[in-house]
Amino acid sequence: MPRAPAKPDPRALLRWYDRRRRDLPWRARPGETADPYAVWLSEIMLQQTTVEAAKPYFAAFLARWPNVAALAAAAPEEVMKAWAGLGYYARARKLHACAREIAARGAFPREEQELLALPGVGPYTAAAIASIAYDAPVVAVDGNVERVVARLFAVTRPAREAKRELRAKAQSLFPGRRAGDFTQALMDLGATVCTPRAPRCADCPFHGACQAARNGAAEAFPVKPPKAEKPERRGAAFVLLSDGAALIRTRPPRGLLGGMAEFPSSPFRADFDARQARVHAPAAAPWRELPGAVEHVFTHFSLRLTIFRATLPPPRPGIENCRWTELGRLSAEGLPTLMRKVATHAGLGLE
Ligand code: SF4
């Protein structure tokens, strides 16, 4: 009869972490106490962003707003501008609202349930802050950790359906001490060893106790759900130039890219009628439709934007709800990635 695999040994994972931990700018060094502000800020940035992409933003935020009170006192537009390029802009709005709430309370809450009540803080982020900053005995479970646990226990349901089971199994591994290190060790293992493709099982402290690896099927977990097609939306953006400046406006505060700067655009819709695109132009001008299109993928849909460009002779006219921004100052507008693509497509260089 085949022997049952050994149970995963969390102490082996902590020993591995002591040797192999990633040196990350928001992370306390061994012996140091973690700063809840740095933990929170980094976790919000990392929600939909890679570590490498988040690093320069984290450094810039910390240099400009070294603590939560400073961030709370910042103007919302400044925070949105500093966030530009990181994507998922609702996070920046909630980050700022959260900073204000914490500043009003006078300190970061320490309890997981209190953290959960803050804007933009979900179960994973609350557990990450509680364990890393305050050594609370909880294990934070993100996508990386779900993958590790799904493989360790060969969980046969897709992660989306098995969240509760994966969390319970992750928590069952908790060794009863070094909560923050344990959470970070699981994260590091998922990010560096138990990777989505070609996991390095021979280097893994759980090797021998991992059911998926034992069956030679590590990459088969987490089990994938059937793929749903992303719906497509279409629209148009209008790049209007005059006397060395481009026409810019601010999107409404709520909704997609809320509060961000943009080249005036049509609504983005599945039934957008390209023949009627010019009715959305911000002003009468000799509009020329540029060949090709700008494509961009959001979480829930993919977008195909037709770009129109026109130039008006000076003097620049005043146009309702819009402003003229000198071309050399366009990058200071904090254009989101979609609008940077529009600028490039229209032949505008952004420094
Ligand atoms: S043995 Fe392989 S599949 Fe299992 S947890 Fe370690 S790296 Fe992941």
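Caption draft 1: Layout of the environment of Ala220. Tracing the backbone through its elements, the reader meets Ala220 in the loop between helix 12 (211-214) and strand 1 (232-242). Note: C-alpha distance between Ala220 and Pro196 (24 residues apart in sequence) is 9.6 Å.

Caption draft 2: Spatial organisation of the domain arrangement of the protein chain. Along its sequence, the protein chain is organised into domain 1 (10-220) and domain 2 (232-345). Counting residues at the interface gives seven residues for domain 1 and 14 residues for domain 2. Three residues stand out in domain 1 for area buried against domain 2, namely Lys81, Tyr89 and Arg93, and they jointly supply 61% of the buried area on that side. At the junction of domain 1 and domain 2, the tally comes to zero salt bridges. Between domain 1 and domain 2 we count two residue pairs in polar contact (both at pLDDT 80 or more) in total. Partitioned by chemical class, the residues of the side of domain 1 that touches domain 2 number four nonpolar, one polar and two charged.

Caption draft 3: View of the site of the ligand. Close contacts around the ligand come from Arg151, Val193, Cys194, Cys201, Cys204, Cys210, Ala213 and Ala218, and that covers them all. In this structure the site holding the ligand corresponds to the largest cavity. In the shell around the ligand, the residues fall into seven nonpolar, no polar and one charged.

Caption draft 4: Summary view of the layout of surface pockets. Reported here for the second largest pocket is a volume of approximately 690 Å³. Considering the residues around the second largest pocket, the lining is formed by 18 residues, among which Ala159, Arg160, Val223, Lys224 and Pro225 are closest to the centre.

Caption draft 5: Main features of the side chain of Gln184. With respect to the secondary-structure elements, Gln184 resides in helix 11 (residues 179-192). The exposure class of Gln184 is buried, given its relative accessible area of 8%. Polar side-chain contacts of Gln184 include one of 2.9 Å to the side chain of Arg27. Apart from the residues within four sequence positions on either side, Gln184 is in contact with Tyr17, Arg27 and Ile132.

Caption draft 6: Seen up close, the packing of aromatic side chains. Summed over all chains, the structure comprises nine aromatic pairs. With 5.2 Å between their ring centres and 15 degrees between their planes, Phe238 and Phe308 make a pair best called stacked. Taken together, the residues span a long stretch of sequence, with Phe238 in strand 1 and Phe308 in strand 6 (residues 302-312) at a distance of 70 residues. Residue classification places Phe238 among the buried positions, given a relative accessible area of 0%. Here the aromatic rings of Phe298 and Phe301 are separated by 5.0 Å at their centres, their planes lie at 35 degrees, and the arrangement is tilted. For Phe298, a relative accessible area of 12% gives the class buried. By way of ring pairs, the aromatic residues Tyr37, Trp40 and Phe108 are connected into one cluster. A cation over an aromatic ring shows up here: Lys169 above the ring of Phe153, its NZ or CZ 5.7 Å from the ring centre.

Caption draft 7: Region of the structure containing the nonpolar core. By size, the foremost hydrophobic cluster in this structure holds 104 residues, and its most contacted members are Trp40 and Phe263. By residue number, the principal contributor to this core is helix 8 (residues 123-134), which donates nine residues. A domain split of this core shows at least three residues from each of domain 1 (10-220) and domain 2 (232-345). Sequence-distant contacts of Phe263, defined by excluding residues within four places in its chain, comprise Phe238, Val239, Ala246, Leu247, Ile248, Leu330, Leu335, Met339, Val342, Ala343 and Leu348. Phe272, Ala281, Phe308 and Leu312 belong to the second-largest nonpolar core, a separate cluster that totals 13 residues.

The rules behind these values
In this convention, every chain numbers its residues from 1, walking through the sequence in written order. Reporting of local features is limited, given that this is a predicted model, to residues whose pLDDT is at least 70; pairs of side-chain atoms are given and counted only at 80 or more, and all residues count toward the totals for whole chains, interfaces and linings. Hydrogens and water molecules were not included; the side-chain quantities draw on all heavy atoms of the structure. Under the DSSP-based scheme used, a helix requires at least four consecutive residues in state H or I and a strand at least two consecutive residues in state E, with every element numbered from the N terminus. The source of the domain bounds is an automatic or database domain assignment. It only takes one pair of heavy atoms within 4.5 Å for two residues to be counted as in contact. Two parts lose some accessible area (1.4 Å probe) when they are put together, and adding that loss for both gives the buried area. One side-chain nitrogen of Lys or Arg within 4 Å of one carboxyl oxygen of Asp or Glu is enough to make a salt bridge. Side-chain atoms alone can form a polar contact between residues adjacent in sequence; in general such a contact is a pair of N or O atoms within 3.5 Å, and within protein one must be able to donate a hydrogen while the other accepts it. Note that Gly is not counted as nonpolar here; it falls among the polar residues with everything else outside the nonpolar set of Ala, Val, Leu, Ile, Met, Phe, Trp, Tyr, Cys and Pro and the charged set of Asp, Glu, Lys and Arg. One heavy atom within 4 Å of a molecule or strand makes the whole residue count as near it. With a 1 Å grid spanning the protein atoms alone, the term cavity applies to any set of points in which a 1.4 Å probe fits but cannot get out, the term pocket to an open set with protein on both sides within 12 Å along at least five of seven lines, and the term lining residue to any residue with an atom within 4 Å of a point. Molecules are considered to sit inside a cavity or pocket once more than half of their atoms lie within 2 Å of its grid points. Grid points are joined across faces, edges and corners, and a volume is the space filled by probe spheres set on the points. Buried residues are those whose accessible area, probed at 1.4 Å on protein chains only, stays under 20% of the maximum for their type, while exposed residues exceed 50% and partly exposed ones sit between those limits. Here a pair means two rings of Phe, Tyr or Trp (six-membered ring of Trp) with centres within 6.5 Å. Their orientation is stacked below 30 degrees between planes, edge-to-face above 60, and tilted elsewhere. Either the NZ atom of lysine or the CZ atom of arginine qualifies as a charge over a ring when it sits within 6 Å of the ring centre and within 35 degrees of the ring normal. By nonpolar core is meant a set of buried Ala, Val, Leu, Ile, Met, Phe, Trp, Tyr and Cys residues that side-chain atoms within 4.5 Å join together.

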